[in-house]
Amino acid sequence: SRADPNTLYTFGGMLARKADPDKLEYAKKMEPLYTQEEIRQETGWFRDPVEGTWLFEIDDSGLDLDWKRVESFTENGAITVPLKSVVKHQELFENYPEIANTKLLLVNDGPEADSVLGKGVLGYFSPNEDKIALRVDKDAMEVRRTLAHELEHAVSSYEGRDFGTSPSQVYSDI
């Protein structure tokens, strides 16, 4: 299994701008003879073990937040800003430019965070509001991991996939 709790994954699909249809067709032809891991290593594509849709990894190593802007925005509590105003993720935004305009609700800790997000909730994605809510007062890696998780939900929603599957579950099933 490739699942590593410190590794972040976002899975693109056929609607991604940089999806490679030729490699996808090759992956489909390989399917009867090779394992999903062998197909993924050769083509970058693999079948979601839950839904059966074809996916590829979007490298999340470039995912980061502009912490100075986050801090200046959240000095007085919670604020909603366009995702692209504080989130850096070139590969994701090149594949899904629409997601760059998703609303991002930044919330500091305290009673307001619990009332806005729910007690103990670090973040969520609302497809109806096209919004990600994120508690930003935690450890930077924890905030980044939560953001990556919510971005995966946003991509899944855009692709029309069920967004209840976690990357670690996908990799443990390949």
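Here's a quick rundown of the structure. The numbers attached to residues start from 1 for each chain and follow its sequence in the written order. Since the coordinates come from a predicted model, pLDDT governs what is reported: local features require at least 70, and pairs of side-chain atoms require 80 or more to be given and counted, while whole-chain, interface and lining totals use all residues. Water and hydrogen atoms were dropped before computing side-chain values, which therefore reflect all heavy atoms in the structure.

**Observations concerning helix α2 (residues 36-43)**
Along α2, the residues classified as buried are Q36, I39, R40 and T43. Viewed end-on, α2 has its buried residues packed into an arc of 100 degrees, placing them on one side of the element. Just downstream of α2, G44 is the residue with a positive phi angle, here 90 degrees. Each residue is assigned to one of three classes by its accessible area relative to the maximum for its type, calculated with a 1.4 Å probe on protein chains only: buried under 20%, partly exposed between the two thresholds, exposed over 50%. Secondary structure counts use DSSP, requiring at least four H or I residues in a row for a helix and at least two E residues in a row for a strand, with both numbered from the N terminus. Throughout, the arc means that of the directions going from the helix axis to the C-beta atoms.

**Some details on the packing of aromatic side chains**
Pairing of aromatic rings covers Phe, Tyr and Trp, the last counted by its six-membered ring, and requires centre-to-centre distances within 6.5 Å; plane angles under 30 degrees mean stacked, over 60 mean edge-to-face, and any other angle means tilted. Tallied over the full model, the rule gives three aromatic pairs. Consider the rings of F11 and F46, whose centres lie 5.5 Å apart with planes at 85 degrees: the pair is edge-to-face. Highlighted residues: F11 in strand β1 (residues 9-12) and F46 in strand β2 (residues 45-47), separated in sequence by 35 residues. Accessibility assignment for this pair places F11 and F46 in one class, buried.

**Details of the environment of R161**
Tracing the backbone shows R161 in the loop between α6 (140-159) and α7 (167-173). Measuring from C-alpha to C-alpha, the distance between R161 and T53 comes to 8.3 Å, with 108 residues separating the pair along the chain. Note on contacts: a residue pair is in contact if any heavy atoms of the two residues lie within 4.5 Å. For R161, the contacting residues outside a window of four places in its chain are F11, G12, G13, E51, T53, L55, E152, V155 and S156. In the analysis that follows, any N or O atom pair within 3.5 Å is treated as a polar contact, provided that within protein one partner can donate a hydrogen and the other can accept it, and provided that, for residues neighboring in sequence, both atoms belong to side chains. Within the structure, the side chain of R161 is placed 2.9 Å from the backbone oxygen of F11, a separation counted as a polar contact.

**Quick notes on the sheet that holds β1**
One bridge is not enough; two strands pair if DSSP finds at least two bridges between them. Strand order across the open sheet formed by three strands is β1-β3-β2, with antiparallel pairing between neighbours. Two strands close off the open sheet at either side, each with one partner strand: β1 and β2. Strand-to-strand twist of the sheet, defined as the mean angle between neighbouring strand axes without regard to direction, takes the value 45 degrees. Relative to strand β3 (residues 54-59), β2 runs antiparallel, the two sharing three bridges. Within the sheet, the bridge partner assigned to F46 lies in β3 and is L55. Packed onto the sheet, α2 meets β2 and β3 and runs at close to 155 degrees relative to β2. Here an angle of 0 to 180 degrees is reported between the N-to-C directions of two axes, which are lines fitted to C-alpha atoms, with helices fitted over the stretch in contact.

**Notes on the pattern of salt bridges**
Every case where a carboxyl oxygen of Asp or Glu lies within 4 Å of a side-chain nitrogen of Lys or Arg is listed as a salt bridge. Under the criterion given, the structure shown has eight salt bridges. With a shortest N-O distance of 2.5 Å, E37 and R40 are connected by a salt bridge. Here the residue E37 and the residue R40 both occupy positions in helix α2, the gap between them amounting to three residues, near one helical turn. For E57, the salt bridge is made with R40, and the minimal N-O distance between the two is 3.6 Å. Of this pair, E57 sits in strand β3 while R40 sits in helix α2; the two residues are 17 residues apart in sequence, bridging distant segments of the chain. Residue classification places E57 among the partly exposed residues on the basis of a relative accessible area of 26%. Through salt bridges with shared partners, a single network forms among E37, R40 and E57.

**Focus on the sheet that holds strand β9 (residues 131-135)**
Judged by pairing direction, the sheet is mixed, and its four strands sit side by side in the order β5-β7-β9-β8 without closing on themselves. Each edge of the open sheet carries a strand with a single partner, namely β5 (79-82) and β8 (123-126). Neighbour-to-neighbour, the strand axes of this sheet turn through a mean angle of 20 degrees, independent of strand direction. Across five bridges, strand β7 (residues 103-107) lies against β9 in parallel orientation. Along β9, the bridge assignment pairs L105 with A133.

**Examining the pairing of β8**
Examined bridge by bridge, β8 and β9 share four bridges and lie antiparallel to one another. Considered in β9, the bridge of S126 is made with K131. The antiparallel hairpin formed by β8 and β9 contains four residues in its connecting segment, where D130 sits at a positive phi of about 50 degrees.

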